[in-house]
Amino acid sequence: MENKKVIFSGVQPTGKITIGNYLGAIKNWTTMQEEFNSIFCVVDLHSITVNQVPAELRKNTFDLLALYIACGLDPQKSILFVQSHVPAHTELAWVLNTVTMVGEMNRMTQFKDKCRKHADNINMGLMDYPVLMAADILLYQTDLVPVGIDQKQHVELARDVAQRFNNKYSPTFVVPECYTPKVGAKIMSLQEPTAKMSKSDENENAVVTMLDDKDTIMRKFKRAVTDSDTVVRFDAENKPGVSNLLSIYSCFTGKSIAEAEVEFEGKGYGDFKTKVAEAVIEGVSPIQAEQQRIVKDKAYLEEVLKDGAYRASKLAYKTLDKVYRKVGFIPRVR
Ligand code: ATP
Ligand code: LTN
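A brief look at the structure comes next. Computed from a predicted structure; not experimentally measured.

**Focus: the site of ligand 2**
Inference 1: His-46, Tyr-129, Met-133, Asp-136 and Gln-151 are the nearest of the 13 residues found near ligand 2.
Inference 2: One of the side-chain N or O atoms of Tyr-129 is found 2.6 Å from a nitrogen atom in ligand 2.
Inference 3: In the environment of ligand 2, a nitrogen atom lies 2.6 Å from a nitrogen or oxygen atom belonging to the side chain of Asp-136.
Inference 4: Coverage of ligand 2 by the protein amounts to 91% of the 360 Å² it exposes when considered alone.
Inference 5: Of all the elements in the fold, those that place two or more residues in the shell around ligand 2 are β1 (6-11) and α7 (124-139).
Inference 6: Examining the composition of the shell around ligand 2, we find that 4 residues originate from one element, α7, more than from any other.

Next up, the structure:
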């Protein structure tokens, strides 16, 4: 790889990808891939920490890979692969488990949330999720992890684990930084704008997915919860609904929030919501067409995965061999 900084990120193939996932993560990766050595993963191992239907998981994995490419991730420029194809992720996670404390896992916000949501399935994988994520990141000597704000705590854990390992053995891992975009790092639910838009939300109207059709997108934005005021102004605390729509508009049009506020001065919410929906439709339509084209070409996608796993493995095993040596394992003769 060229001598550039490394970025690594991933999304779980757990269902329909939302515009939150796109704006908080994937969209930023597409610009960053020009500047960094970029590695993007479909994190299927993470996804089975909550119940999945096997046939759907397989379909979601192909769908998500096709979406990555449709959004502009280029398999020539970036390494695109599926996490379970590179066993070094689980191998490193095991070692990192031994420098991670149960107490710190118990404090993870996402773990606590998921325990509440999936009270009938609080499995060890759910608790160990952040350690596997640390392994994903540290295996590639990652400098920067571009994610939405909800993942910040996990990236911080990866930093702590890296530092702890480096101190206990000797410098081994790059200590990664978290990167979140200025606008779009936390897109809110359209129905409950104080809560994050999440692909597992049961209320369909709360979530706009990357593959929603035009009418659906328009309808969801028209029904978006705002407030009893009439002014289009950014104020996340007092006007969360309107502020969320402004953020979405800004991300899709490339206009600043201030420019958008000026544009909608004196206009009603109806007009504003229509314009936001139109901007989203314009942004996602070409991606949808590409995704539908690419997903049909299984031979191509399988080739991308094969090549991605090969390139990722080479980097990953370099780090894993080093880790095994440091902890005192006998080097494997290859
Ligand atoms: P789930 O509902 O299944 O937990 P999710 O929608 O939270 O899923 P993830 O797969 O956990 O999605 O997240 C993938 C990436 O998208 C992460 O970088 C995450 O920070 C980002 N992301 C998720 N939701 C949002 C959001 N509402 N706004 C901005 N970024 C988001
Ligand atoms: N936990 C992340 C997905 C994820 C990830 C990663 C993101 C798994 N491994 C490594 C960045 C780097 C989420 O979005 N839920």
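Right, picking up where we left off after that structure.
**Thoughts on helix α8 (residues 152-168)**
Inference 1: Under the 1.5 Å per step criterion, the end-to-end length of α8 is 24 Å for 17 residues, consistent within 8% with the ideal 24 Å.
Inference 2: Buried residues of α8: His-154, Val-155, Leu-157, Ala-158, Val-161, Ala-162, Phe-165 and Asn-166, and no others. The buried residues of α8 occupy an angular sector of 165° when projected down its axis, which confines them to one face. Those residues of α8 that are exposed and aimed more than 90 degrees away from the buried face are Asn-167 and Lys-168.

**Let's talk about the site of ligand 1**
Inference 1: Taken together, 21 residues lie near ligand 1, and Asp-150, Ile-187, Lys-196, Ser-198 and Ser-200 sit nearest.
Inference 2: Between an oxygen atom of ligand 1 and a side-chain N or O atom of Lys-114, the distance comes to 3.0 Å.
Inference 3: Note that an oxygen atom of ligand 1 is positioned 2.5 Å from one of the side-chain N or O atoms of Ser-198.
Inference 4: Isolated, ligand 1 exposes 600 Å² of accessible area, and the fraction of that covered by the protein chains is 96%.
Inference 5: Per element, the largest residue contribution to the shell around ligand 1 is 4 residues, and it comes from helix α1 (residues 19-32).
Inference 6: When the residues that make up the shell around ligand 1 are grouped by side-chain class, the tally is 6 nonpolar, 10 polar and 5 charged.

**Here's the deal with the pattern of salt bridges**
Inference 1: All chains considered together, the criterion is met by 13 salt bridges.
Inference 2: In this structure, the salt-bridge partner of Asp-113 is Arg-116, at a minimum N-O distance of 3.1 Å. Of this pair, Asp-113 and Arg-116 are both found in helix α6 (residues 109-117), 3 residues apart, which corresponds to roughly one turn of the helix.
Inference 3: We classify Arg-116 as exposed; its relative accessible area is 63%.
Inference 4: Through salt bridges with shared partners, one network takes in Asp-227, Asp-229 and Lys-239.

**Topic: unusual backbone geometry**
Inference 1: Unusually for a residue other than glycine, Gln-141 sits at a positive phi of about 50°.
Inference 2: By secondary structure assignment, the location of Gln-141 is in the loop between α7 and β4 (144-146).
Inference 3: Its relative accessible area of 19% is what places Gln-141 among the buried residues.

**Topic: the packing of aromatic side chains**
Inference 1: For the coordinates displayed, the defined rule picks out 10 aromatic pairs.
Inference 2: Both rings, one in Phe-264 and one in Phe-272, keep their centres 4.9 Å apart while their planes meet at 65°; by these two values the pair is edge-to-face.
Inference 3: For Phe-264, a relative accessible area of 3% translates into the label buried.
Inference 4: Judged by its relative accessible area of 0%, Phe-272 falls in the buried class.
Inference 5: One aromatic cluster is present, built from ring pairs that chain together Phe-8, Phe-81 and Tyr-140.
Inference 6: Its end group placed over the ring of Phe-62, Lys-298 keeps NZ or CZ at 5.0 Å from the ring centre.

**Overview of α6**
Inference 1: Among the residues of α6, those classed as buried are Gln-110, Phe-111, Lys-114 and Cys-115. In an axial view of α6, the angular spread of the buried residues amounts to 135°, which keeps them on one side of the axis. Exposed and facing more than 90 degrees away from the buried side of α6 are Arg-116 and Lys-117.
Inference 2: Contact partners of the buried residues in α6: α5 (102-106), α7 and α8.

Conventions used here
Residues numbered from 1 in each chain as written. Chains lettered and ligands numbered in written order. Predicted model: local features only at pLDDT ≥ 70, side-chain atom pairs only at ≥ 80, totals over all residues. Heavy atoms only, no water. Near = heavy atom within 4 Å. Polar contact = N/O pair within 3.5 Å; in protein donor to acceptor, adjacent residues only side chain to side chain. Areas by Shrake-Rupley, 256 points an atom, 1.4 Å probe, with all protein chains shown as cover. Helix = DSSP H or I, 4+ residues; strand = E, 2+ residues; numbered from the N terminus. Expected span 1.5 Å × (residues − 1). Buried < 20%, exposed > 50% of the residue type's maximum accessible area, 1.4 Å probe, protein only. Arc of directions from axis to C-beta. Nonpolar A, V, L, I, M, F, W, Y, C, P; charged D, E, K, R; others polar. Salt bridge = Lys/Arg side-chain N within 4 Å of Asp/Glu carboxyl O. Phe/Tyr/Trp six-rings, centres within 6.5 Å; stacked < 30°, edge-to-face > 60°. Lys NZ or Arg CZ within 6 Å of the ring centre and 35° of its normal. Contact = heavy atoms within 4.5 Å.

Honestly, it's all geometry; don't read function into it.
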